[in-house]
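# Observations on the model geometry
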Amino acid sequence: MIDFHTHSTFSDGTDTPERLVELGEAAGLRALALTDHDTVDGLERFLDCQPRVSVRLVPGIELSCRFLGRELHMLGLFVDPVDARFRERLEQLRRRREARNTQMARRLAESGRPVDLDSVRALAPGGLITRTHFAQALVDHGHARTPREAFHRFLAEGAQGHVPMEPLSPREAATWIREAGGVAAIAHPGRFADGRFVWDEALADLKAQGVQALEAYYADHAPNQERHFLALAQRTGLAVCGGSDYHGVAKPGLVLGRGWGSLRVPDACLDGLAALRNAPPARMKAIEVQA
Ligand code: AMP
Ligand code: MN
Ligand code: MN
Ligand code: MN
């Protein structure tokens, strides 16, 4: 069993990288990836745990892009966390995110639900503010009962407080990931456009833009969706990956490795994906030798 999709305190998860490793080891996972949104800052601490555990630790990231006017997430697995060009590109993203956060706070205030940005920042110890943190701040300020309600009413695409970030195209995201040695995978295809999307042609298009894999196994995918995406990946010539999208207590009830209970990502995904990456940088070779 593997889990190639998790978040730590460096983005919008509530567990530290070390705690994620502990949970992955305790669950008996063969491999575990940390895929924080837009940042590789948690990966050093994550990979430093490798000598103490048998679960294979895979450095990753999750980038948000815009495809057909909707938000599409792309996972980068096996990215090199110290790649200088990649880090500079992510720094640009951080600046875009900061500009967007300021606009989002203004938009919420204008609609009568003020949350001050400092209190949102206080919820993000890793320094990266996402809508997950805004949702919690809206609850803390009494504007919603639960983060879920805050999302639905104010933060989801199309809601009054939502501000899209200056978008990254799928081609840019895939290029950034691949040039950092990683494998580019479409995250949770079943969630794209609220699940109402026929992927067949779009997937070939994304493959032409550099995408290499599809997250067919995902906590929120129903069994029929999983089968559908596995078949689709095979038809399109994409590798498959999968994960829980674990966020700690930010997603109550969701278990690392097991999702809502029935997730089971086959070990074979590890080798399938590892075979696709670009020449591993020296640091990653060293990690493999230890593992
Ligand atoms: P951002 O990158 O700032 O746009 O925030 C995106 C994060 O918000 C995602 O990674 C999810 O963790 C979370 N999220 C997005 N949509 C929802 C939703 N409808 N309900 C709950 N959480 C969501
Ligand atoms: Mn998230
Ligand atoms: Mn996502
Ligand atoms: Mn995620």
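Rules used throughout
- Residues numbered from 1 in each chain as written.
- Chains lettered and ligands numbered in written order.
- Predicted model: local features only at pLDDT ≥ 70, side-chain atom pairs only at ≥ 80, totals over all residues.
- Heavy atoms only, no water.
- Donors = N, O, S within 2.8 Å, 3.2 Å for Na, K, Ca; no water.
- Axes fitted to C-alpha atoms, helices over the stretch in contact; angles between N-to-C directions.
- Helix = DSSP H or I, 4+ residues; strand = E, 2+ residues; numbered from the N terminus.
- Parallel < 35°, antiparallel > 145°, perpendicular 65-115°, else oblique.
- Contact = heavy atoms within 4.5 Å.
- Nonpolar A, V, L, I, M, F, W, Y, C, P; charged D, E, K, R; others polar.
- Buried < 20%, exposed > 50% of the residue type's maximum accessible area, 1.4 Å probe, protein only.
- Pairing = 2+ DSSP bridges.
- Right-handed = clockwise from strand over helix to strand, strands pointing away.
- Polar contact = N/O pair within 3.5 Å; in protein donor to acceptor, adjacent residues only side chain to side chain.
- Arc of directions from axis to C-beta.
- Near = heavy atom within 4 Å.
- Tetrahedral: all angles 85-135°; square planar, octahedral: opposite > 155°, others 65-115°.
- Disulfide = S-S within 2.5 Å.
- Phe/Tyr/Trp six-rings, centres within 6.5 Å; stacked < 30°, edge-to-face > 60°.

### Details of the coordination of the manganese ion (ligand 3)
On the protein side, the manganese ion (ligand 3) has Glu 62 (OE), His 73 (ND1) and His 188 (NE2) as donor atoms, found 2.1 to 2.2 Å from it. Here the donor residues for the manganese ion (ligand 3) map to a single chain with the spacing E-x10-H-x114-H.

### Structural notes on the packing of helix α5 (residues 131–140) against helix α6 (residues 147–155)
Two numbers describe how α5 lies on α6: the axes approach to 8 Å, and their chain directions differ by 105 degrees. With respect to α6, the axis of α5 lies roughly perpendicular. Packed against α5, whose contacting residues are Arg 131, Thr 132, Phe 134, Ala 135, Gln 136, Leu 138 and Val 139, the element α6 presents Pro 147, Ala 150, Phe 151, Phe 154 and Leu 155 at the interface. Among the residues forming the contact of α5 with α6, the class breakdown is nine nonpolar, two polar and one charged.

### So, the pairing of strand β2 (residues 31–34)
Burial along β2 is two-sided: the residues Ala 31 and Ala 33 and Leu 32 and Leu 34 are all buried. Where strand β1 (residues 2–3) and β2 come together, two bridges link them in parallel fashion. Among the inter-strand pairings, Ile 2 is bridged to a residue of β2, identified as Ala 31. Taking the sense of rotation as the criterion, the β-α-β connection linking β1, helix α1 (residues 17–26) and β2 turns out right-handed. Bridge count between β2 and strand β3 (residues 56–67): four bridges; the pairing is parallel. Looking across to β3, one finds that Ala 33 is bridged to Val 58.

### Examining α5
For α5, the tally of buried residues reaches seven of ten residues, placing the bulk of the element in the interior. Turning to α5, its buried residues number three or more, namely Arg 131, His 133, Phe 134, Ala 135, Ala 137, Leu 138 and Val 139. As for α5, its buried residues are in contact with β4 (70–77), α3 (84–110), α4 (117–122) and α6. For α5, the side-chain oxygen to backbone nitrogen distance between the N-cap and Thr 132 is 3.1 Å, and the N-cap itself is Thr 130.

### Remarks on helix α7 (residues 170–179)
Turning to α7, its buried residues are Pro 170, Ala 173, Ala 174, Trp 176 and Ile 177. Mapping the buried residues of α7 onto a view down its axis gives an arc of 160 degrees, with all of them on the same face. Against the buried residues of α7 lie β3, β4, α3, β5 (183–186) and α8 (200–208). Positioned one or two residues after α7, Gly 181 has a phi angle of 85 degrees, which is positive.

### Side note on the site of ligand 1
Taken together, the neighbourhood of ligand 1 is formed by Asp 12, His 37, Arg 97, Arg 100, Thr 130, Arg 131, Thr 132, Phe 151 and His 247. At 2.7 Å from an oxygen atom of ligand 1 is found a side-chain nitrogen or oxygen belonging to Arg 131. Here an oxygen atom of ligand 1 sits 3.2 Å away from a polar atom, N or O, in the side chain of His 247. Of all the secondary structure elements, the ones that give two or more residues to the shell around ligand 1 are α3 and α5.

### Digging into the coordination of the manganese ion (ligand 2)
Each protein donor to the manganese ion (ligand 2) is listed here as Asp 12 (OD), Asp 12 (OD), His 37 (NE2) and His 247 (NE2); together their distances run 2.1 to 2.8 Å. Note that the manganese ion (ligand 2) binds six donor atoms; their angles at the metal cover 51 to 140 degrees, and the shape is irregular. Mapped onto the polypeptide sequence, the residues donating to the manganese ion (ligand 2) form the spacing pattern D-x24-H-x209-H. Between the manganese ion (ligand 2) and the manganese ion (ligand 3) the interatomic distance amounts to 5.9 Å.

### Focus: the state of the cysteines
Every disulfide links exactly two cysteines, by a covalent bond between their sulfur atoms. Taken as a whole, this structure holds zero disulfides when the rule is applied. For Cys 65, which is in no disulfide, the shortest distance to another cysteine sulfur is to Cys 241 and amounts to 14 Å. Of the residues examined, Cys 65 reaches a relative accessible area of 3% and is grouped as buried.

### Quick notes on the pairing of β5
Burial of β5 is two-sided: the residues Val 183 and Ala 185 facing one way and the residues Ala 184 and Ile 186 facing the other way are all buried. For β4 and β5, the ladder comprises four bridges, and the chain directions are antiparallel. Considered in β5, the bridge of Leu 75 is made with Ala 185. In the sheet, β5 pairs with strand β6 (residues 213–218) via two bridges, with the strands oriented parallel. Bridge assignment links Ile 186 to a residue of β6, and that residue is Leu 214.

### Topic: the packing of aromatic side chains
If you walk through the whole model with that rule in mind, you get five aromatic pairs. On the basis of an interplanar angle of 80 degrees and a centroid distance of 6.4 Å, the ring pair of Phe 4 and Phe 78 is categorised as edge-to-face. On the criterion of sequence distance, the pair formed by Phe 4 in the loop between β1 and α1 and Phe 78 in the loop between β4 and α3 is long-range, its members being 74 residues apart. Of the residues examined, Phe 78 reaches a relative accessible area of 1% and is grouped as buried. Summarising the aromatic geometry, the rings of Phe 197 and Trp 199 are spaced 4.9 Å apart at their centres and angled 85 degrees between planes, so their arrangement reads as edge-to-face. Since its relative accessible area comes to 26%, Phe 197 is described here as partly exposed.

As far as function goes, none of this settles anything; it's purely spatial.
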